[in-house]
Amino acid sequence: MLPPSQDNHPRPKIMTVMCVIGGGHAGCEAAAGAARTGARTLLLTQKLETVGEMSCNPSFGGVGKGTLVREIDALDGVCGKVADKAACQFHMLNRSKGPAVWGPRAQIDRTLYKRHMQETLFAGNYKNLDVRAASVFDLVFEHEAASAGGQWGSISGVKLDTGEIIPCSSVVICTGTFLSGEIHIGLKSFPAGRQNEAPSPPEGLSSSLSRAGFKLGRLKTGTPPRLVKDSINFEGMEVQRGDEERWSFSFMGEPEALISPDKQVVCWKTFTTPDTHKVVRDNLHQSIHIRETVKGPRYCPSIEAKILRFPQKDNHIVWLEPEGFDSDLIYPNGISCHLPEEIQLEMIRTIPGLEHAEMARCGYGVEYDHIDARELGPSLETKRIKGLFLAGQINGTTGYEEAAAQGALAGINAGLSSLSKPPLIISRADGYIGVMVDDLIVKGAEEPYRMFTSRSEYRMSVRSDNADLRLTEKGRIAGVVSDERWTKFQEVREELAKAESILKADPKSPHEWERLGVIVQRDGARRRSPYDLLRLPGTNTAMLVGLLPKLSQISSRSLQRVIIDGQYRDHLRRQSDDLRAFMADETLSLDPNLDYDLVPNISAEVRDRLKMVRPVSLGAAKRMEGMTPASLVQLLRHAGRTQSLERESSII
């Protein structure tokens, strides 16, 4: 590995196969993913010391989001392993509900996360990855070869702000909020992608994308003020502690080796008050960030947006989250704010426990450019420019986990593309990564997109506990899963099969089960195996091991996974019919260069949507907004005739 470099001295002209622009969550996963393909990879970021920075909340995972982290890990990505090392509290959300909606989440020590991420990328774990401090100003295109495939151009390099051109055949843009970023505090605004960090200027990458024909839009997000811990009165607040039962994000992790429950940090719960809301309402005119022309995140709104959207509510929850083991800062989750600094302090001091709170840094809003994600294909390569991949907030998403998941997929596919290998495609049936990508490329994002379990129609089968069974083999076939992980995966898969075999053996009648202390439904002579008992309320690992001593050979982690599968067995059987229908539609491919002006008897609206999305399968066309059954029939007939004519031409 070439050592990280801060200098701008001339370098030997070595052909870099692919470049990643940006060192945030998307960029880190993209760089690692591309390197795992074997492609020579260069990660370009403004400052090496901010690689892996957690710009906003000090946490990872959550409902839907935690499943994304597990899926990234199943593809041998890095954020799950790093989060395990940096976690200062583990908490499984929705534990009282079914496993399909469990949300692995951890409070993270910011300093440790950044340190471990940099060690992962800088310390020689990826021999063909170079990391360099540099600012990319422009993209370099080549047009002749691309025009033959109906594209506007293809990537041939990137141009730095120094004028240096780095040749490459593929690029992943992971600029986050830095793409023409602008920070808002009250009525003040200034160019920045993050506090005290310069953005990618409008005349740079944004202009390059615009010239290439991409339609750019603006989105916004924000972050709350940071509070001095010693200035807060925690007395009387509800305390949230970490889980007693240990678990890890990474399938390579050993939960017992992670931080013990007694050493985990705690969080505190407080609320806004009517006085808080009055301060905000009285000063809305002092914020340029509150405007409807630019959409902010619906599911993580600012306190200003909450008060405007829910005027009937007298309070909103505020979680006080430590920023690390030894940090003297508190992150007040729930009061993202963009008002003038002095108004923010006035507002904060109306909240119980924060009457004497001091701000270490005020909150702010940030506005940035994004593209219409319908310009992308399922590999996250743009349809317009060969070799250009996009990941993260540039595609209209919000959140660390959504960015990291896109980065992993885009990086892997950029690496595979540069090596002339087929892409890794993840469908809606494969995982939440597939759900998110499909939502983005078929529907676009008019507001910042966030992952939830409710977005998946197959959440019974795409759970956080089985991400490895769904994706690790796919990753191995693509060449991005290490021998170490593959060996571990095979061992786990064999252990799961062994546990299931033990549980399905030796069925008993209801009377025989009752003699063992297990009450089952009396329905004649029907015999039930221990596996059948998994659907009974109260079934747990201790009970099963007591009934079947052979299960003591199985790890508790694997046994818990088998129990979950058994609990969902009937649901999974019913869902398998839906999955077969879904896959039938997905296998009916559509030519991405199909001339939709020749499709008869469809409305102008549907025709325009088809031209924008250019679905690659019948299933994707079905999921388009505005698509009607009649239009779908016409499309299918036309596509069938076109394919028949092409086959006849090839024979002639």
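Look up a bit, the structure's there.
Owing to the predicted nature of the structure, the values given are computational and were not obtained by experimental measurement.

The rules we used
Residues numbered from 1 in each chain as written. Predicted model: local features only at pLDDT ≥ 70, side-chain atom pairs only at ≥ 80, totals over all residues. Heavy atoms only, no water. Phe/Tyr/Trp six-rings, centres within 6.5 Å; stacked < 30°, edge-to-face > 60°. Lys NZ or Arg CZ within 6 Å of the ring centre and 35° of its normal. Salt bridge = Lys/Arg side-chain N within 4 Å of Asp/Glu carboxyl O. Helix = DSSP H or I, 4+ residues; strand = E, 2+ residues; numbered from the N terminus. Buried < 20%, exposed > 50% of the residue type's maximum accessible area, 1.4 Å probe, protein only. Axes fitted to C-alpha atoms, helices over the stretch in contact; angles between N-to-C directions. Parallel < 35°, antiparallel > 145°, perpendicular 65-115°, else oblique. Left-handed = near helix turned anticlockwise from the far one by under 90°. Contact = heavy atoms within 4.5 Å. Nonpolar A, V, L, I, M, F, W, Y, C, P; charged D, E, K, R; others polar. Pairing = 2+ DSSP bridges. Polar contact = N/O pair within 3.5 Å; in protein donor to acceptor, adjacent residues only side chain to side chain. 1 Å grid on protein atoms, 1.4 Å probe; cavity = no way out; pocket = protein on both sides within 12 Å on 5 of 7 lines; lining within 4 Å. Points joined across faces, edges and corners; volume = space filled by probe spheres on them.

1. Side note on the packing of aromatic side chains
- Applying the stated criterion across every chain, the model contains 7 aromatic pairs.
- Pairwise contacts between aromatic rings join Phe60, Tyr113 and Tyr400 into one cluster.
- The cationic tip of Arg70 hangs over the ring face of Phe251; the distance from NZ or CZ to the ring centre is 5.8 Å.
- Sitting over the ring of Phe214, Arg384 keeps its end group 5.4 Å from the ring centre.

2. Topic: the pattern of salt bridges
- Per the stated rule, a full pass over the model turns up 40 salt bridges.
- A salt bridge links Asp438 to Arg623, with the nearest nitrogen and oxygen atoms 2.6 Å apart. Remark: Arg623 occurs in the loop between helix H19 (618–622) and helix H20 (629–651) and Asp438 occurs in helix H11 (residues 432–443); sequence separation between them is 185 residues. Taken as a pair, Asp438 and Arg623 share a single burial class, namely buried.
- Here Arg535 makes a salt bridge to Asp532, at a shortest N to O gap of 4.0 Å.
- Overall, Asp532 belongs to the buried group, its relative accessible area being 15%.
- One network of salt bridges, with partners in common, ties together Arg428, Asp438, Asp439, Glu457 and Arg623.

3. Quick notes on the packing of helix H3 (residues 79–86) against helix H4 (residues 110–122)
- Between H3 and H4, the least distance of the axes is 9 Å, while the angle of their chain directions is 135°. Considering the angle they form, H3 stands oblique to H4. You can see that H3 and H4 cross each other, and the crossing is right-handed. Contacts between H3 and H4 involve Cys79, Val82, Ala83, Lys85 and Ala86 from the first element and Leu112, Tyr113, His116, Met117 and Thr120 from the second.
- A breakdown of the residues in the contact of H3 with H4 according to their chemical character gives 7 nonpolar, 2 polar and 1 charged.

4. Re the sheet that holds strand S18 (residues 329–333)
- On the basis of which strands lie adjacent, the open sheet formed by 6 strands has the order S15-S16-S17-S18-S14-S19 and antiparallel pairing. Only two strands of the sheet have a single neighbouring strand rather than two, namely strand S15 (238–240) and strand S19 (359–361). Taken pair by pair, the neighbouring strands of this sheet meet at an average axis angle of 35°, ignoring direction.
- When S15 meets strand S16 (residues 267–271), the two strands line up antiparallel, connected through 3 bridges. The residue bridging Val239 from the neighbouring strand is Trp268, located in S16.

5. Topic: the side chain of Arg105
- Structurally, Arg105 can be placed in strand S5 (residues 103–108).
- At 2.7 Å, the side chain of Arg105 forms a polar contact with the side chain of Gln107.
- Not counting chain neighbours up to four residues away, the residues in contact with Arg105 comprise Ser59, Phe60, Gly61, Gly62, Gln89, Phe90, His91, Leu93, Trp247, Phe249, Glu321 and Asn333.

6. A word on the pairing of strand S8 (residues 153–160)
- A large share of S8 lies buried, amounting to 6 of its 8 residues.
- Where strand S7 (residues 136–142) meets S8, 6 bridges bridge the pair, whose relative direction is antiparallel. Across the sheet, the residue bridging to Asp138 is Lys159, located in S8.
- Bridge analysis of S8 against strand S21 (residues 385–386) gives 2 bridges, and the strand direction is parallel. Opposite Ser154, over in S21, you have Lys386 as the bridge partner.
- Here S8 pairs with strand S9 (residues 165–167) via 3 bridges, running antiparallel. Note that in S9 the partner of Gly157 across the bridge is Pro167.
- The hairpin turn running from S8 into S9, its antiparallel successor, is 4 residues long, and Gly163 in that turn takes a positive phi close to 100°.

7. Regarding empty space enclosed by the protein
- Under the defined criterion, the tally for this structure stands at 4 cavities of 30 Å³ or more.
- Reported here for the largest cavity is a volume of approximately 70 Å³.
- In terms of lining, the largest cavity is formed by Ala74, Phe251, Met252, Asp468, Thr472, Arg485, Lys488, Phe489 and Val492.
- Elements that contribute at least two residues to the lining of the largest cavity include exactly helix H12 (467–478) and helix H13 (483–504).
- Along the lines of polarity and charge, the residues of the lining of the largest cavity split into 5 nonpolar, 1 polar and 3 charged.
- As a volume, the second largest cavity reaches approximately 50 Å³.
- Lining the second largest cavity, in full, are Phe90, Asp243, Glu245, Arg246, Trp247, Pro255, Leu258, Ile259, Pro261 and Gln264.
- Residue classes in the lining of the second largest cavity are distributed as 6 nonpolar, 1 polar and 3 charged.

8. Focus on the layout of surface pockets
- Counted as a void, the second largest pocket has a volume near 810 Å³.
- Lining the second largest pocket we find 35 residues, and of these Glu245, Ser556, Arg557, Ser558 and Gln560 sit closest to its centre.
- Sorting the residues of the lining of the second largest pocket by element identifies H13 and helix H16 (556–567) as the ones contributing at least two each.
- Among the elements that make up the lining of the second largest pocket, the one with the highest residue count is H16 (8 residues).

9. Observations concerning unusual backbone geometry
- In this structure, Asn94 takes a positive phi of about 60° despite not being glycine.
- Its location among the elements puts Asn94 in the loop between strand S4 (87–93) and S5.
- One non-glycine residue with positive phi stands out, namely Leu380, at about 75°.
- With respect to the helices and strands, the residue Leu380 is situated in the loop between strand S20 (364–371) and S21.

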